[in-house]
Each structure stands twice: as C-alpha cells, then as structure tokens.
Number of protein chains: 2
Amino acid sequence: MLYTFSDVLKKINNEVNTLKFEGKPESLFAPIDYILELGGKRVRPVLAVMAYNLYKDDIEKSIPIALGIEIFHNFTLLHDDLMDRADKRRGKPTVHIKWDDNTAVLSGDAMLIESYKEIAKTDPQYLPEVLSLFSTTATEICCGQQLDMEFEKRLDVSIAEYLEMIRLKTAVLLGCALKCGALAAGSSQEDAESLYDFGINIGLAFQLMDDLLDVYGDPATFGKRIGGDILCNKKTFLQITALQHEDSKDQLLDWINKIDFDETEKIKAVTSIYDELNLKQTSADIIHAYYEKGIAYLDLVSVDYAKKKELRELAKSLLTRDS
Amino acid sequence: MLYTFSDVLKKINNEVNTLKFEGKPESLFAPIDYILELGGKRVRPVLAVMAYNLYKDDIEKSIPIALGIEIFHNFTLLHDDLMDRADKRRGKPTVHIKWDDNTAVLSGDAMLIESYKEIAKTDPQYLPEVLSLFSTTATEICCGQQLDMEFEKRLDVSIAEYLEMIRLKTAVLLGCALKCGALAAGSSQEDAESLYDFGINIGLAFQLMDDLLDVYGDPATFGKRIGGDILCNKKTFLQITALQHEDSKDQLLDWINKIDFDETEKIKAVTSIYDELNLKQTSADIIHAYYEKGIAYLDLVSVDYAKKKELRELAKSLLTRDS
C-alpha cells in the first residue's frame, strides 16, 4: 500500500519521540534528546520512507535509515550552531548555550555515532551500498559547512560557488535520504540515481526558498523574525546577486559594513535594494526551475505515476510553504 | 605466515603515511593529514592486524579496520585536545591552536566519518558485527571523555570510578581493535571475546603505566616533562590514591589548590607524598596484575601458543616501556 505523506510524518514523529538516549553520563546524552525534541519538518526521514514505499510496503524496515538520517541532520545543526555561535534553534537555547561548548562538541560526536548505529541496522544485503552513500554524503555536508564558514569572510562569492555550497550543505542529504530508501527496498541503480537527482534539485529549491522567505515571508506564519539574514549579513542568494550588480553593490556594502544601525531601518533599506533588482521574482523563477528539474527526475523513476503522487506533492508543498 | 610486531608496525606506518586527505576545501582536510602525521605508537592498528594474523595470512584485508581504528583514535585526540584546551600534542601545536576552534570541530567530524569509511571496507560477511562493535566502542569512548571532564571538577573520585573511566576512554579501543581483527578473520566468538578481554586488561595496565611514567619515568627517554600531570592536577591513579589517605590528603590538597607556586617545587613535593605512600610500587603491582590477567585471557585463545608469541611480547613491551 502507498502511505500518504501525513501517515509517514506521523510515523516518523512517533519514532523520533520514542528514541531516548538515556545512558550515563546523563550530560552526554541529554543534549541529544533535547535537540531531537525541538522538532523540525522531518523532511529527510519522510523522504527516505516514501522512497522505500515506492517499491515495498513494509516501511518498518526503512525506519532505521530514516532515523539515522534525521539524527545525522540534527548532529549537523548541533555542531553548526556551536561553530556559528548561534544562541537559538527553533526558538530555544542551543546546546552550547544550555550546557556548554564542550558538551556541544562531545554530544555532537556521540550523535554522529548514533546515526551510524541506525544506518547499520540496514538489511546486510544493502548495507555496504547504503553505508557508503551515507558516509560520502556526510563528508560532503562537512565540506558544505566549511565553505559556508569561509564564505562568511568573503564578499566576492559567486552565484556558482554559493549554489555548490548549498548543494553540499543541504541538497545532498535530501538526495541521500531518497536514494538510501530506494536502495534498501531493492530498487534499480537507475531509479535510485533519479531519486537522488530529484532530491538534489528539490533540496536546492528548498534552500533558495529559505533565503527568500527570510526576507519576503509572511511575518504571521514565518516563525522567525523577517530579515534575520539581512541583520547578520548572511550570504544568501539575494545578497550575492545584489552584490554582483554594480549600481546596488556600494549601497549594499555600506549596510553590510555598518556597525551601529537601527535594525528595522537596515532590514527596510536592504529589502528595498532587493526590490529594485526584482530579486523576489528572480529567486522565485530559479526555485521554480529547480523544482521542475527535480520533477523531471522523479518522472524518470520507473514506478507507476500514481505511486509518485505523494512525493510530487511533498516537493510542491516544500516550495509553496510560508514557513 | 606469522608477521612479527615490527613487520606489522612498518606496514601500518606505511599505510598511514599513504593516507592523504587532500580534498577541497583544503582547510577541512589538511588538519586530518597533520594529526595523522604527528606519529604515535600505532598500538591499536597493530593489534587489529596481529589479531587477524592469528587466523589468516592475508593481512592486507585487515588494513582498513586497522586504519579505521587509528583514524578514530586520532579523531578523539583532536576533539579531546580542543575540549581540554591542550596546546601541544606530541610536541607540536594542536589543531585548534594551529588553525582554530571551528576547524578542530569540523575536521574532527570529518575524521570520524573517514574512520567509518575504512571500517565499511570490511568483508560484507563480517561487516555488521565489526561495525556494531566499532560503534559501541566509539560511544563508550565518548562516555569516557565525558567522565574524564566531569572528574576534573571533583576531588572525591573513587579508584573504582577512575578505573571505569580509563576502561572506557582507553582500554575498550584496544579490545575493539583485537576483536575486530579476529572477527574479520572469521575467528570463533569465544576467541574474539578472549582477545577483547586481553585488550581491556592490557589497556588498563597501559593507561596506569602512563600515569606512573609521568611521575617516575626517566627524563632522558620520557619525551615529555616529568611531572606534567602533577602540575595540572590531572586525575591519575596516583593522585586519587593519595587523596584517599587521611594523612596525605590535606597536604596534597594544599598543592592542588595553590595558584602561585614554583613548578619544580610542586613536582618535588607531590612526588614525595607519593613516595611516602609507596605508590610507585602499588601502581607497578596493579599494572602487573592487569598484565597477568590479560595474558590469562590471551592463553584462552584457541590458536597455537607459538602464534601468540608476538602479541604476548607486544603486551610486555607496552608495560616495560620507558616512554
């Protein structure tokens, strides 16, 4: 049977909630429970289970892969927040704030190991392939984070460099989730590859959508303050594109380099630079192009069109979301 | 054929030296090459290969496990040095000093992933078991480091707690190396378990020997300054034992709590507290007891006595070393 997106999400949320890392010493494991309980969209584990479900009905067997990928994703958030000195995650104190830096380092390490423990539960027949893709992806995500940190110190990042960074930091894990789910269900290599490429393109669109919502989202539903990226001069598609326009570059650089400023004023001014360049539309067009490219890969997957409906709708919902 | 300890060590050093993590971004991978090039005794990978060689001659096949364990060990050093704010490792600047804290976090993460990539090369037939032991051990080592950090803030650590901490932080990886090597060669469960217990006991003896050498080692051959542990009030078997003697406790606490002191004087004074309690002999006796217990487990391993000669001598050399 084909499970709906909401069935799978409910299942994943249940599974994540029953994970309890209650070992001793408590200070090592409590942060793992804490960050996993902060919630999130659970997009990656849902994709893994839905890809598996394209081929097989016994989705229980795909749960360890899904959980491994979700634990891994939360490990990257934990260590990234430490490296970025972020105080909040989903409105709550980050682990290094609630505990301390050393706890964040070591609990993160323990989480990375836990993610491998879940992946290791994969059917031995498919384990070598799934494990290999998982590790390759994990390394890519480290590369993405390193590039992201390096880009923060530069003002000449090209759009191509930026897209490669978000491919590594965000998109590959969506691709990996889909491909691992498919492989664990015994899919063909071609299908697994198409699902991976579907994930990459949806992932790129997803991250570009994040950049867009941070400036143009609806304050009532966005959940975070609109303009957060502008205030901290975060490299986004919008900022990088604006820096490449000779007429807006200096004006934007002025705001980036200002140390004392009124926050509302900076958000308003930078947004109007983006407005003048019509970047809301440019972004939306690029997001739509990646979405279409992703769907074209999904179309290549050799299962009934009807079976792919839930994945198609999930992709669409990620890119028409308002938070 | 039975490879000698020095054959295996040469082989391992060659293999470690040909590992090159030269990916992009360079700042992510260069620290991995750096820490692996700092050297070390390579005890753990040698144990893995020697355990394999008890059963099979084609030791090439055990190299990935050996490398995975050595990379993992160096990952723990990298992150531990960061958490302990250690400036030097084998006489060279630590990664967070040579680069920065974020590089140490992220390169360490990448190294942990690399260690899994090596372990993943295990013969698929033995992979689930080897992978499971590797992950269990990795978690135990995180627990050991967390306990170690917690103990630094306490003055009432019992000897039993200390021994459990060093079991987790040091001994289990020696046991894991031996057991993984044996399992990958198709050994019986009983033999794999005996080799694990041999490793645990030799590992405990090895760490207690470290504590002992730091105070009573020969300055000419020790490599580090004698008394380093005393200067930084490190929890060691010697300190914990002395703190349990009512007549030496207050005197030792005075030195531990002193902020301004002459280094040579502190080392001399604390060493003479240990001398009065005859702790050099007590330590040596306990080390010898663990060594004997380890050898008893090695004797249980059902291969020819002659085949176990090299492992026996390696164990002996670790506990009669002077550096």
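As shown above, the structure is provided for reference.
The rules we used
- Residues numbered from 1 in each chain as written.
- Chains lettered and ligands numbered in written order.
- Predicted model: local features only at pLDDT ≥ 70, side-chain atom pairs only at ≥ 80, totals over all residues.
- Heavy atoms only, no water.
- Helix = DSSP H or I, 4+ residues; strand = E, 2+ residues; numbered from the N terminus.
- Rg over C-alpha atoms; globule rule 2.2 N^0.38 Å.
- Buried < 20%, exposed > 50% of the residue type's maximum accessible area, 1.4 Å probe, protein only.
- Contact = heavy atoms within 4.5 Å.
- Areas by Shrake-Rupley, 256 points an atom, 1.4 Å probe, with all protein chains shown as cover.
- Lys, Arg positive; Asp, Glu negative; His and termini not counted.
- Charge placed at Lys NZ, Arg CZ, Asp CG, Glu CD.
- Buried area = accessible area lost by both parts, 1.4 Å probe.
- Salt bridge = Lys/Arg side-chain N within 4 Å of Asp/Glu carboxyl O.
- Polar contact = N/O pair within 3.5 Å; in protein donor to acceptor, adjacent residues only side chain to side chain.
- Axes fitted to C-alpha atoms, helices over the stretch in contact; angles between N-to-C directions.
- Parallel < 35°, antiparallel > 145°, perpendicular 65-115°, else oblique.
- Left-handed = near helix turned anticlockwise from the far one by under 90°.
- Phe/Tyr/Trp six-rings, centres within 6.5 Å; stacked < 30°, edge-to-face > 60°.
- Lys NZ or Arg CZ within 6 Å of the ring centre and 35° of its normal.
- Core = buried A, V, L, I, M, F, W, Y, C linked by side-chain atoms within 4.5 Å.
- Least-squares fit on C-alpha atoms with pLDDT ≥ 70 in both.
- Nonpolar A, V, L, I, M, F, W, Y, C, P; charged D, E, K, R; others polar.
- Expected span 1.5 Å × (residues − 1).
- Arc of directions from axis to C-beta.
- Patch = residues over 30% accessible without salt bridge, like charges linked within 9 Å, V, L, I, M, F, W, Y side chains within 5 Å.
- Disulfide = S-S within 2.5 Å.

(A) A look at the overall build of chain A. Secondary structure assignment for chain A yields 16 helices and two strands. In terms of overall size, chain A behaves like a compact globule, its C-alpha atoms giving a radius of gyration of 20 Å where 323 residues would be expected to give roughly 20 Å. Buried positions account for 59% of the 323 residues belonging to chain A. By sequence separation, contacts in chain A at least 24 residues apart represent 72% of the contacts at least 6 residues apart. Only carbon and sulfur atoms are counted for the fraction: they give 51% of the accessible area of chain A, which is about 13200 Å². Computing the positive centroid from 38 side-chain charges and the negative centroid from 54, chain A places the two 3 Å apart.

(B) The arrangement of the interface of chain A and chain B in detail. Taken together, the contacts link 35 residues of chain A with 35 residues of chain B. Both faces combined, the contact of chain A with chain B buries some 3100 Å², and carbon together with sulfur accounts for 75% of it. Here chain A is connected to chain B by zero salt bridges. On the surface where chain A and chain B come into contact, there are 10 residue pairs in polar contact (both at pLDDT 80 or more).

(C) Here's a closer look at the packing of helix α6 (residues 101-119) of chain A against helix α6 (residues 101-119) of chain B. Here α6 of chain A crosses α6 of chain B at 25 degrees, and the two axes come no closer than 11 Å. The angle between α6 of chain A and α6 of chain B places the two elements in the roughly parallel class. Two packed elements cross with a definite hand, and for α6 of chain A against α6 of chain B that hand is right-handed. Only Val 105, Asp 109, Leu 112, Ile 113 and Tyr 116 of chain B of α6 of chain B make contact with α6 of chain A, whose side of the interface consists of Val 105, Asp 109, Leu 112, Ile 113 and Tyr 116 of chain A.

(D) Up close: the side chain of Asp 211 of chain B. Residue and element names in this part refer to chain B. Residue placement: Asp 211 occurs in helix α9 (residues 189-216). Within the buried set, Asp 211 has no salt-bridge partner at all; the shortest N-O distance to an opposite charge, 4.5 Å, is to Lys 234. At a separation of 3.0 Å, a polar atom in the side chain of Asp 211 contacts the main-chain amide nitrogen of Phe 237. If we skip the residues at most four places from it in the chain, Asp 211 touches Tyr 162, Asp 229, Lys 234, Thr 236, Phe 237 and Leu 238.

(E) Representation of the packing of aromatic side chains within the structure. Applying the stated rule across the entire model yields nine aromatic pairs over all chains. Measuring from ring centre to ring centre gives 3.6 Å for Tyr 116 of chain A and Tyr 116 of chain B, while their planes differ by 5 degrees; the resulting arrangement is stacked. One end of the pair, Tyr 116 of chain A, is in helix α6; the other, Tyr 116 of chain B, is in helix α6, on a second chain. Here the two residues Tyr 116 of chain A and Tyr 116 of chain B agree in accessibility, since each one is buried. Ring-pair connections join several aromatic residues into one group, and the members of that group are Phe 72, Phe 75, Tyr 116 and Phe 134 of chain A together with Phe 72, Phe 75, Tyr 116 and Phe 134 of chain B. Above the face of the Phe 261 of chain A ring, Lys 266 of chain A is positioned so that its terminal group lies 4.5 Å from the ring centre.

(F) Local environment of the nonpolar core. The biggest cluster of nonpolar side chains holds 242 residues, and the ones touching the most others in it are Leu 195 and Tyr 274 of chain A together with Leu 195 and Tyr 274 of chain B. Top element by residues in this core is helix α8 (residues 159-184) of chain B. It accounts for 16 residues. In this structure Leu 195 of chain A touches Ala 51, Leu 54, Tyr 55, Leu 178, Ala 182, Leu 298, Val 301 and Leu 311 of chain A, once residues within four positions along its chain are discounted.

(G) Expanded view of unusual backbone geometry. For Asn 278 of chain A, which is not glycine, the phi dihedral falls at a positive 60 degrees. Examined against the element boundaries, Asn 278 of chain A turns out to sit in the loop between α14 (263-276) and α15 (279-300). On the accessibility criterion, Asn 278 of chain A (45% relative accessible area) is partly exposed. The phi angle at Arg 42 of chain B is positive, at roughly 55 degrees, despite the residue not being glycine. Position of Arg 42 of chain B among the secondary structure elements: in the loop between α2 (26-37) and α3 (43-53).

(H) Quick look at the relation of the copies chain A and chain B. Superposing chain A onto chain B requires a rotation of 180 degrees together with a translation of 0.0 Å along the rotation axis, leaving an RMSD of 0.0 Å. The superposition of one copy onto the other is thereby described by a two-fold rotation axis.

(I) Molecular detail of the pattern of salt bridges. Using the criterion set out here, one finds 34 salt bridges over all chains in the structure. The shortest N-O distance in the salt bridge between Asp 156 of chain A and Arg 154 of chain A comes to 2.8 Å. Overall, the relative accessible area of 55% leaves Asp 156 of chain A in the exposed class. Residues Glu 263 of chain B and Arg 225 of chain B are paired through a salt bridge, measuring 2.6 Å at the closest nitrogen-oxygen approach.

(J) Just the packing of helix α7 (residues 127-152) of chain A against α2 of chain B, in detail. It is the contact of α7 of chain A with α2 of chain B, at a shortest axis distance of 9 Å, that shows an interaxial angle of 115 degrees. Contacts between α7 of chain A and α2 of chain B pair Thr 139, Cys 142, Cys 143, Gln 146 and Glu 150 of chain A from the former with Ser 27, Leu 28 and Phe 29 of chain B from the latter. Residue composition of the contact of α7 of chain A with α2 of chain B, by class: four nonpolar, three polar and one charged.

(K) View of the environment of Pro 31 of chain A. Residue and element names in this part refer to chain A. By secondary structure assignment, the location of Pro 31 is in helix α2 (residues 26-37). In this structure, the C-alpha to C-alpha distance between Pro 31 and Gln 189, residues 158 residues apart in sequence, is 38 Å. Filtering out sequence-adjacent residues up to four positions away, Pro 31 remains in contact with Glu 26, Val 95, Trp 99, Thr 103 and Ser 107.

(L) Layout of α6 of chain B. Residues and elements named next belong to chain B. Taking 1.5 Å of rise per residue, the 19 residues of α6 would be expected to cover 27 Å, and the 27 Å separating its terminal C-alpha atoms lies within 8% of that figure. Most of α6 sits inside the fold, with 16 of its 19 residues counted as buried. Sitting at the head of α6, Asp 100 places a side-chain oxygen 3.4 Å from the backbone nitrogen of Asn 102.

(M) Up close: the environment of Cys 176 of chain A. Residues and elements named next belong to chain A. Inspection of the secondary structure assignment puts Cys 176 in helix α8 (residues 159-184). Given the relative accessible area of 0%, Cys 176 is considered buried. If sequence neighbours within four positions are ignored, Cys 176 has contacts with Ile 69, Leu 133, Phe 134, Thr 137 and Tyr 196.

(N) Layout of helix α13 (residues 246-257) of chain A. Residue and element names in this part refer to chain A. Between the first and last C-alpha of α13 there are 17 Å, a value that for 12 residues agrees with the 16 Å anticipated at 1.5 Å per step. Along α13, the residues that are buried comprise Ser 248, Leu 252, Leu 253, Trp 255 and Ile 256. End-on view of α13: buried residues confined to an arc of 160 degrees, all on one side of the axis. Exposed side chains of α13 directed beyond 90 degrees from the buried face belong to Glu 246, Asp 247, Asp 250 and Asn 257.

(O) Region of the structure containing a negative patch on the surface. All names here are of chain A. Among the surface-exposed residues, Glu 246, Asp 247, Asp 250, Asp 254, Asp 275 and Glu 276 lie close enough to one another that they form a single negatively charged patch. Every element with two or more residues in the negative patch is listed here: α13 and α14. For Asp 254, the position within the fold is in helix α13.

(P) Molecular detail of the environment of Leu 183 of chain B. Structurally, the position occupied by Leu 183 of chain B is in helix α8. Considered as a pair, Leu 183 of chain B and Glu 118 of chain B are 65 residues apart in the sequence and their alpha carbons are 16 Å apart.

(Q) Summary view of the state of the cysteines. Residue and element names in this part refer to chain B. Taken as a whole and assessed by the stated rule, the structure comprises zero disulfides over all chains. Take Cys 143: it sits in no disulfide, and the sulfur closest to it among the cysteines is that of Cys 142, at 7.0 Å. Note on Cys 176: no disulfide assigned, nearest cysteine sulfur contributed by Cys 180 at a separation of 3.8 Å.

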